[in-house]
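Now for the letters of each chain:
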Amino acid sequence: MTPLNHQEFRRQGHMIIDMLADYYRDIEKYPVRSQVEPGYLRQRIPEDAPDYPEPIETILQDVQRDIVPGLTHWQSPNYFAYFPSSGSIAGFLGEMLSTGFNVVGFNWMASPAATELESIVMDWLGRMLRLPKSFLFSGNGGGVIHGTTCEAILCTLVAARDQMLDRVGRDNILSLVVYASDQTHCALQKAAQVAGIHPNNVRVLQTTKLAAFALSPHSLRSAIISDKEAGMIPLFLCATVGTTSSTAVDPVEALCDVAKDYGIWVHVDAAYAGSACICPEFRHFINGVEGATSFSLNAHKWFFTNLDCCCLWTKDPSALVKALSTNPEYLRNGATNSKRVVDYKDWQIALSRRFRAMKLWLVLRSYGVSNLRSFIRRHIEMAKHFERLIATDKRFEVVVPRNFSTVCFRVSPSAIPKRFYQNSNGHAGHDQNLGYQNGNGSARYDQNVSYQNGTDGARCGQNHSYQSINGGARYDQNVSHQNGNGGARRDKDLSYQNGNANHDQTLLHQNGGANDKKLQDNEIVNALNSKLLESLNGSGRVFMTHAIVGGVYIIRFAVGASLTEERHINMAWEVIQQYADAILSTS
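All of these numbers come straight from a predicted model, not from anything done at the bench. Counting starts from 1 at the beginning of each chain's written sequence and moves along it residue by residue. The predicted nature of this model means local features are confined to residues of pLDDT at least 70 and side-chain atom pairs, given and counted, to a pLDDT of 80 or more, with totals for whole chains, interfaces and linings taken over all residues. As a rule here, side-chain values come from all non-hydrogen atoms in the structure, and water together with hydrogens is ignored.

### Some words on the overall build of the chain
Right, so step 1: Counting from the N terminus, the helices are DSSP H or I runs at least four residues long and the strands are E runs at least two residues long. Across its full length, the chain carries 15 helices and 11 strands.
Right, so step 2: Going through the 587 residues of the chain one by one, you find that 55% of them count as buried.
Right, so step 3: Should any heavy atoms of two residues lie within 4.5 Å, those residues are counted as being in contact. Relative to all contacts within the chain whose residues are 6 or more apart in sequence, the contacts with residues 24 or more apart total 76%.
Right, so step 4: We get accessible surface area from the Shrake-Rupley algorithm with a probe of 1.4 Å; when it comes to residues, only the shown protein chains can shield them. Surface accessibility of the chain: about 25,500 Å² in total, with carbon and sulfur atoms responsible for 52%. The cut-offs for exposure are 20% and 50% of the maximum accessible area for each residue type, with area from a 1.4 Å probe on protein chains only; residues under the lower value are buried, those over the upper are exposed, and the others partly exposed.

### Quick notes on the sheet that holds strand β7 (residues 310–314)
Sheet strands pair via backbone hydrogen bonds, and the direction of the pair is either parallel or antiparallel.
Right, so step 1: A pair of strands is labelled paired if DSSP reports no fewer than 2 bridges between them. Overall, mixed pairing links the seven strands, which are arranged β1-β7-β6-β5-β4-β2-β3 in an open sheet. For this open sheet the edge positions go to β1 (142–146) and β3 (202–205), each flanked by a neighbour on one side alone. Here the average twist between neighbouring strands, direction ignored, is 20°.
Right, so step 2: With three bridges connecting them, strand β5 (residues 265–269) and strand β6 (residues 294–298) associate as parallel partners. Bridging across to β6, His267 finds its partner in Ser294. Interaxial angles span 0 to 180 degrees and are taken between N-to-C directions of axes, which are lines fitted to C-alpha atoms, for helices over the stretch in contact.

### Quick word on the pattern of salt bridges
Right, so step 1: For salt bridges, the criterion is a side-chain nitrogen of Lys or Arg within 4 Å of an Asp or Glu carboxyl oxygen. Tallied over the full model, the rule gives 30 salt bridges.
Right, so step 2: As a salt-bridge pair, Asp162 and Arg170 come within 3.4 Å of each other at their nearest N and O atoms.
Right, so step 3: A single salt-bridge network, built from bridges that share partners, covers Glu95, Asp308, Arg354, Arg356 and Lys359.

### Observations regarding helix α6 (residues 187–195)
An α-helical turn contains 3.6 residues, so any two residues separated by three or four positions project in the same direction.
Right, so step 1: Among the residues of α6, Ala187, Leu188, Gln189, Ala191, Ala192 and Ala195 are the ones counted as buried.
Right, so step 2: As for α6, its buried residues are in contact with α5 (149–168), β2 (176–181), β3 and β4 (233–240).
Right, so step 3: The positive-phi residue at the C-terminal boundary of α6 is Gly196, with phi of around 85°.

### Points about the sheet that holds strand β10 (residues 545–549)
Right, so step 1: Within the open sheet, the four strands sit side by side as β8-β9-β11-β10. Their pairing is antiparallel. Edge positions in the sheet fall to β8 (396–398) and β10, since each has one partner strand and no second. Across the sheet, the axes of successive neighbouring strands diverge by a mean angle of 40°, strand direction being ignored.
Right, so step 2: Where β8 and strand β9 (residues 406–411) come together, three bridges link them in antiparallel fashion. Paired with Val398 across the strands is Phe409, a residue of β9.
Right, so step 3: Sheet strands touched by helix α12 (residues 357–391): β8, β9 and β11 (552–558). Its angle to β9, the strand with the most contacts, is close to 15°.
Right, so step 4: Contacts from helix α15 (residues 566–586) reach β8, β9 and β11 within the one sheet, and its direction differs from that of β8 by about 130°.

### Regarding the pairing of β11
Successive side chains on a regular strand alternate, one facing one side of the sheet and the next facing the other.
Right, so step 1: Of all seven residues that make up β11, seven are buried, and the element is covered over most of its length.
Right, so step 2: Residues Val552, Ile554, Arg556 and Ala558 point to one face of β11 and Tyr553, Ile555 and Phe557 to the other, with burial holding for every one of them.
Right, so step 3: Looking at chain direction, β10 and β11 are connected through five bridges and run antiparallel. When the sheet's bridge partners are listed, Ala547 is paired in β11 with Ile554.
Right, so step 4: Linking β10 back to β11 in an antiparallel pair, the connection comprises two residues, with Gly550 at a positive phi of about 60°.

### What to know about the environment of His379
Right, so step 1: Locating His379 in the fold gives a position in helix α12.
Right, so step 2: Excluding its chain neighbours within four sequence positions, the residues that come into contact with His379 are Trp302, Phe304, Ser405, Val559, Gly560 and Ala561.

### Here we look at unusual backbone geometry
Right, so step 1: For the bond from Leu307 to Asp308, the omega torsion is 5°, close enough to zero to count as cis.
Right, so step 2: Inspection of the secondary structure assignment puts Asp308 in the loop between α9 (299–302) and β7.
Right, so step 3: Although it is not a glycine, Arg130 adopts a positive phi angle of roughly 55°.
Right, so step 4: Within the secondary structure, Arg130 sits in the loop between α4 (112–128) and β1.
Right, so step 5: Classification of Arg130 as exposed rests on a relative accessible area of 52%.
Right, so step 6: At Phe213, a residue that is not glycine, the phi angle is positive and equals roughly 60°.
Right, so step 7: Among the secondary structure elements, Phe213 is positioned in the loop between β3 and α7 (217–229).
Right, so step 8: Exposure remark for Phe213: the relative accessible area of 4% places this residue in the buried category.

### Brief notes about α5
Right, so step 1: In this model α5 runs 28 Å from its N-terminal to its C-terminal C-alpha over 20 residues, within 8% of the 28 Å that 1.5 Å per residue would give.
Right, so step 2: The element α5 is largely enclosed, with a buried count of 14 among its 20 residues.
Right, so step 3: One or two positions beyond α5, positive phi appears at Gly169, with a value near 105°. Take the residue count of a helix, subtract one, and multiply by 1.5 Å to get its expected span.

### Quick look at a nonpolar patch on the surface
Right, so step 1: A residue counts toward a patch only above 30% relative accessible area and without a salt bridge, and it is joined to like-charged neighbours within 9 Å or, for Val, Leu, Ile, Met, Phe, Trp and Tyr, to nonpolar neighbours within 5 Å. Where nonpolar side chains cluster on the molecular surface, the patch consists of Ile17, Ile89, Leu93 and Met96 and spans about 340 Å² of accessible area.
Right, so step 2: Per element, the largest residue contribution to the nonpolar patch is three residues, and it comes from helix α3 (residues 89–101).
Right, so step 3: Mapping Ile17 onto the fold places it in helix α1 (residues 6–25).

None of the figures reported here should be taken as evidence of function without further support.
Next comes the structure, spelled out in structure tokens:
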């Protein structure tokens, strides 16, 4: 038996392709969210690996019997959770080619085609987005494909850190400050921890519903001025185009103008929404990107390129290389020494890297710019259709404006019968009948997370409520009750003293006083929507996820699966109405 016999590869490969083709054909038959209980697989899989080979036929039977039931079906047309992972034939086959060649292209010499194709497709995609030439290889910038946005943010933060410390001295690392909004993805906090930024130096600036939860340039400037007065060193800003919670869009141009005044590295995270910006009518969302230092999007979210494929561009590749490069003797070669090639190992954390450019190349060539724009526009039109369906039923409301293909909605407070409020008995939000105590893999509220002290934040938890990336704490320049003495302060340390408190002017019970009627009613509305979401997901017919913005629990309906059609939107709406009917009439 040889592990890479070409005839056996052909035979087994055909079997797996057939199995996957049948899976896509029948995908609507499966419950969208897996219905298994934790630990189910250990009861089905032997304790030890087999001593002798097993036939592929037996293994594939076990895949169908034991593995498929434990999958949440991200390619299902009824998948509307998180953000999409929109696969395609071209993306799959490109991944197949990459896996088949199995090259480890850490530098140009290790596989010249892998390096050069990556540089080419990153320039292709950059021009599709109308990125400034300064982000392209042709303009002394350049692009690299990482696995995820988490890697992209970490690499740019490390580059910014080292660039700054070279100027101010390594001993000043504890004075470096990173800025974000309370809607920024928690990847920034993880990156800051890994990069050695002190936890107290991550400024989480509060957003408001009035500003559609976008980061205010005025708030940013005020925080920077306060930090400089305290002897701190402003370092890095992460602006977001299409936040995880509600797809809010930060004003990139205005934020870059502020950052420029203080020499701050600006990274624009457009992981989800960046793909839409290949359409001319959505390009304005990244206006001002010429003022940023780096920009990234995830092609594996909404660009039909199978996981994983995060595209990162920077104006300053030398900063990445200086911060991340290694040059041991065993990797030295003439091409590297010539300075005429890119060695992508120096643009990332790891040494080894996959040939991800292959699948992006296939996607771009197989569909072309015109069709890719059409795919995205179709998803946005379906999201608009869902909005129109919501408008036909006064029991529901859209909570925040829709920017792309994600609709954030809930059962409206006005639709909830008075008996719900009367039955709360002063314990709104912690009534088992309203669904807070579901322990079956659903979204739930933890008493340490929100509401009990007047907070309207949410942790970066298992259900991806990312609007408060620092454990629920917000840095709010307008806070006047942090120390309980009625005196307004803007002390950089105060915003982190209470890690689970979120001081919002609309909620005045930060000192642990009794919740007022407004807060109780809000918790009841949130609890009912939480119960509705768990009922929907428990049905297996659809899968959605939630977020909390401005203290409001929202159900996120993210259109973007490659197989989704308008009939699936209509079906999802019927299911939503059906379960809402049951909850409102019986709870």
